[in-house]
Amino acid sequence: MTTAPAAPEERLAKFNELLVPLVAKLEPLHVALNHATWQASVTGRDEFVQESARLDAQIRTLLSEREPYLLLLALKDAGGVPDPIAQRQLELLVHAFRQHQLPRETIERMVRLEKQLERTFNNYRAQLDGQPVPDNTLRELLKVSDDPARRRAAWEASKQIGLEVVEDLLELVRLRNEAARTLAFDNYYSMVLELDELDETELFQLLDQLDRGTRPGFEAYKRELDQGLARRFGTSTGELQPWHYGDPFFQEAPTSGVDLDPWFHDRRLEDLARRFFAAVGLEIGDLLERSDLYEKPGKSQHAFCMAMDRGADVRVLCNLRPNEYWMATMLHEFGHAVYDKYIDRSLPWMLRQHAHILTTEASAMLFGRLSKNATWLRLYAGVPDEEARRAARATARAVREQLLVMTRWCLVMCHMERALYRDPAQDLTALWWDLVERHQLIRRPAGRRAPDWASKIHFSVAPRGGVGALCRDTSGRRLSDRAPVSARALRGLAPGAAVGDRGDAVGGGVRGFHHRLDRPLAILDRPDRPPLVSRSGRCYRGLCPRLAVRARFASSARGMGRRSAREDPQPCSSVCCCWRPPSARAARGARPQLGPGPATPLPTACTSSASSWIRCASTSMGCRARCGGDSTR
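Think of each chain on its own: its residues are numbered from 1, step by step along the sequence as written. Predicted model: local features are reported for residues with pLDDT of at least 70 only, side-chain atom pairs are reported and counted for 80 or more only, and whole-chain, interface and lining totals are derived from all residues. Note: side-chain values were computed over all heavy atoms of the structure, leaving out hydrogens and water.

A.B. asks: Is there a simple way to think about the side chain of Asp292 in this case?
C.D. replies: Comment: elements are numbered from the N terminus, with helices defined as DSSP H or I runs of at least four residues and strands as E runs of at least two. The residue Asp292 is located in the loop between helix H12 (285-290) and strand E3 (304-307) in this model. Any pair of residues with heavy atoms lying within 4.5 Å of one another is described as a contacting pair. Ignoring any residue separated from it by four or fewer positions in sequence, one finds Asp292 in contact with Trp38, Val42, Lys299, Val316, Leu317 and Cys318.

Shown next as C-alpha cells:
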C-alpha cells in the first residue's frame, strides 16, 4: 500500500516529483491532440480523426497507470500539500486518474466509438428534396418559410442524423456505464458530474426550482407565441407541430417584434466582433487569424472555441452567415476565446484552462447576448438612433424570452441525459417526447417513432450539454448583472474609441474572471447555502474567490432576471486574488494596470455581499472599489 510522508513539506516535494515529469508527458500530447481534433473538425478527413483517436487513447492510458494514482490518493488522504496552487493540481489529478482507472482495451473501445460519432456529425449533410443541404439552410427554412409542408420537410431532415448515430451512441453509453461501475459509480453520468465537482442531487434540486420558477412565465409566453403562430399558418393552436417553431429543437426563441437579420446582411461579422472587442480592451485579431469561420464540405456544422496550447493559440470554429443568429454565436464563442486568451500565464499548465464550465460559459453568455442589445446594435450594426430606441423594448423582451426558452430546453436535456445513462434500454423515443411536452409544451407528432433525441450532437460529442447550457444562462446572468456589458456599459463608447472606465469594467472583468470553484453550484440559485469559500479560507490568484451569492428566481416572466438579495456583509479572506497597492498613476485617475499581480495581504479584511459577489472575482483591476466599495483596499 502506498503511503505519503507525514510532514507537509515532504508531501509537497513528493507531489512535485510526480507532477513535473507527468506534465512533461501530458502537455505535448494535449497540444498534438488539439491540433488533430481541430483539423478533423475543419476538414472531416479520416487521417486526422485517426490521429486524434490515437493521441486521445494515449493520454487516457497514461492517466490509467495505477501507481501514480495510489500516490496521489495517499497524498490527498494524508492532508494534501501546503501550497494552494499545488493542492488544486493534486485535486484535479486525482479526478483525472480516477476516471481512467480502466483496462487499455476499454479505453481504446470508448475512444474509437467517440471519434466515429464525431466523424459522422462532422461529415453528415441532411437530404432535402434529394439533395444534401447544410444545417444553416434547414435553420433558415424554419425561420422564414410560411409553407407548413416545406417546414415539416426541413424539420424532419434536421433529425435524419439520429438514425445514423443512434446505435453507436447506445453502444457508447453502455460501454461508459460499464466502465463507471467498475470505478464504483452508479453510471457514467453520475461519475462525470462528481468528478467535475457538481453535486448531482443539488443540481437536480436546482433544476426543480428552475422548473417551478419559470413555468408560469413560460406558459404565458408560450400561449402568446402559439396564438401568433396559429395566425401566421392559418391553423388552430391545438394543431401546431414542432416544425411550426423557428428552431429544430425549440432552443431558440422565435423573433419577437423585431427582425434583426437585415442589419447583418452584407456585413462581415468578424469585423463587427473585432471592433467591439477592441473597444472594450480585448484584442481578438490574432484569434481571428487562426480561426475557421465559414462553411465548407466535411467541416463540423456547429461552433466551438478551442484553446490549443493553453497559451496564445486560441481558435474559434463557426459556419457564418450574415444574420443575427451567427452574430450572437460569434460573440458567444469569442467570449470563450477572450476568457482563454487572458488566463494568467504565470499559472502552472494544469491550471491554465477555464476554471469550471460555469466561468467560461458565463463569459460567453455575457457577450453573446449583445446581438440583441439596442445600444450595441446602434454602435456596431449601424442601426439608426431612432430605430434603435424604438427597437430597445422589443430586443429586451427578446432577451427575456430567449432565457425562458433556453431554460426550458435545458430541463429537457438534463433530464434526458441522466435518464439515458440510468437506463439506456428504456423507450428513449417516448421519454424524449414526454420531456419535450412537459417542459417545452410542444406536442409530439402523431405516429412518429424516429430517435429524434439522438440527432442532438451533445449526447454524442459533448456530454453534459444541458448542464453547460444551464450554467451558461444562469451564471452568465449573474455575471452580466454585476459586470454588465449593457447600455450602461456601452453608453458613449463609440466604435474604435479609446478604452476607458467602460472598457475596463467589461474587458478587465473578463481578464480576471478565472477561478476554481469548490462548490460550483453555489454561484447559481442557492439562497439557503452559506457563501462559497476556498478550501483554505483564502482567495488566491487563479483559484477560488469568496463568492457571497444570495439569489433566487422569481416565479414570473422576468424570473430569469429578478433577484432577492441579502445584503449582510460577509467577511472576505485576508488575501485578495490580485490586490496591489495603488500607484501614483492610479491615484491620478489613470487607467488601472491590468493583468495578474502578486497576491498581497489586504490592509484590512474586506467584505462582500450578494450585490457584489464579482468584486473579489474580478481580479484584473485589483480590489479597488471592489471590496465593500472602499477604494483604499
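A.B. asks: Would you mind showing me how to read the packing of helix H10 (residues 200-233) against helix H17 (residues 428-440) here?
C.D. replies: Geometry of a packed helix pair, given as the angle between the helix axes and the separation of the axes. For the pair H10 and H17, the least separation of the axes is 10 Å and the interaxial angle reads 80°. As far as their axial angle goes, H17 and H10 are roughly perpendicular. Mapping the contact onto sequence places Asp211, Arg215, Phe218 and Lys222 in H10 and Arg438, His439 and Gln440 in H17. Classes in brief: Ala, Val, Leu, Ile, Met, Phe, Trp, Tyr, Cys and Pro nonpolar; Asp, Glu, Lys and Arg charged; the others, Gly included, polar. Taken together, the residues that form the contact of H10 with H17 break down as 1 nonpolar, 2 polar and 4 charged. A fitted line through C-alpha atoms represents every axis, and for helices the fit uses only the stretch in contact; the resulting angles, taken between N-to-C directions, go from 0 to 180 degrees. Each angle gets one of four labels, with under 35 degrees taken as roughly parallel, over 145 as roughly antiparallel, 65 to 115 as roughly perpendicular, and the rest as oblique.

A.B. asks: Even after reading the chapter, I still don't get the packing of aromatic side chains, so can you show me in this structure?
C.D. replies: Any two aromatic rings considered together are summarised by their centre-to-centre distance and by the angle between their planes. Here is the rule: rings of Phe, Tyr and Trp (six-membered ring for Trp) pair when centre to centre is within 6.5 Å. Planes less than 30 degrees apart are stacked, more than 60 are edge-to-face, and the remainder are tilted. Scanning the entire structure with this criterion turns up 20 aromatic pairs. Their ring planes at 45° and their centres at 5.4 Å tell us that Phe249 and Trp409 sit as a pair that is tilted. Of the two residues, Phe249 is situated in the loop between H10 and helix H11 (269-279) and Trp409 in helix H16 (residues 385-422); the sequence distance between them amounts to 160 residues. Residue Phe249 shares its accessibility class with Trp409, and that shared class is buried. Judged by centre distance (6.0 Å) and plane angle (65°), the ring pair of Phe276 and Phe367 falls under edge-to-face. Here Phe276 is found in helix H11, whereas its partner Phe367 is found in helix H14 (residues 357-368), with 91 residues between them in sequence. Just as Phe276 is buried, Phe367 falls in that class too. Taken together, Phe249, Trp409, Trp432, Trp453 and Phe459 form an aromatic cluster joined through their ring pairs. Should the NZ of a Lys or the CZ of an Arg lie within 6 Å of a ring centre and within 35 degrees of the ring normal, that charge is described as sitting over the ring. Lying over the aromatic face of Phe249, Lys159 brings its terminal NZ or CZ to 4.2 Å of the ring centre. Here the guanidinium or amino end of Arg418 rests over the ring plane of Phe204, the centre of that ring lying 3.6 Å away. Note on classification: 1.4 Å probe, protein chains only; a residue is buried when its accessible area is under 20% of the maximum for its type, exposed when over 50%, partly exposed between these limits.

A.B. asks: Which parts of the structure should I look at to understand the pattern of salt bridges?
C.D. replies: Close approach of charged atoms lets side chains of opposite charge pair. Counted as salt bridges are all cases of a side-chain nitrogen of Lys or Arg within 4 Å of a carboxyl oxygen of Asp or Glu. The full count for this structure, using the stated rule, is 42 salt bridges. Note that Asp286 is salt-bridged to Arg290, the shortest N-O span being 3.5 Å. Residue Asp286 and its partner Arg290 are both found in helix H12; the two are separated by 4 residues, about one turn of the helix. A relative accessible area of 26% places Asp286 in the partly exposed class. Taking the relative accessible area as the measure of exposure, Arg290 reaches 28% and is therefore partly exposed. Among the ionic pairs, Arg444 bridges to Asp434, the shortest N-O distance being 2.4 Å. With a gap of 10 residues between them, Arg444 in the loop between H17 and helix H18 (457-460) and Asp434 in helix H17 connect regions that are remote in the sequence.

A.B. asks: Please clarify how the pairing of E3 should be interpreted in this entry.
C.D. replies: On a regular strand, each side chain points to the face opposite its neighbour's, so the side chains alternate between the two faces of the sheet. For two strands to count as paired, DSSP must find a minimum of two bridges between them. As paired elements, E3 and strand E4 (residues 314-317) share 4 bridges and run antiparallel to each other. In the strand pairing of E4, Phe304 is matched with Leu317. Counting the residues between successive antiparallel strands, the hairpin from E3 to E4 contains 6 residues, one of them, Arg310, with a positive phi of roughly 55°.

A.B. asks: Looking at this structure, how should I read unusual backbone geometry?
C.D. replies: Positioned with a positive phi, Ala184 is a non-glycine residue whose angle comes to about 75°. Of note in the backbone geometry, Phe250 takes a positive phi value of approximately 50° without being a glycine. Checked against the element boundaries, Phe250 lands in the loop between H10 and H11. A relative accessible area of 1% means that Phe250 is categorised as buried.

A.B. asks: Hey, could you run me through the nonpolar core in this one?
C.D. replies: Nonpolar side chains tend to gather and get buried jointly when the protein is soluble and globular. Note on terminology: a nonpolar core comprises buried Ala, Val, Leu, Ile, Met, Phe, Trp, Tyr and Cys residues joined through side-chain atoms within 4.5 Å. In this structure, Trp432 and Trp453 are the most contacted members of the largest nonpolar core, which totals 78 residues. Per-element tally for this core: the top contributor is H16, with 13 residues. Once residues within four sequence positions are removed from consideration, Trp432 is found in contact with Phe249, Trp409, Val412, Met416, Asp452, Trp453 and Phe459. Among the nonpolar cores identified, the runner-up in size contains 35 residues, and Leu260, Ala279, Leu293 and Leu366 belong to it.

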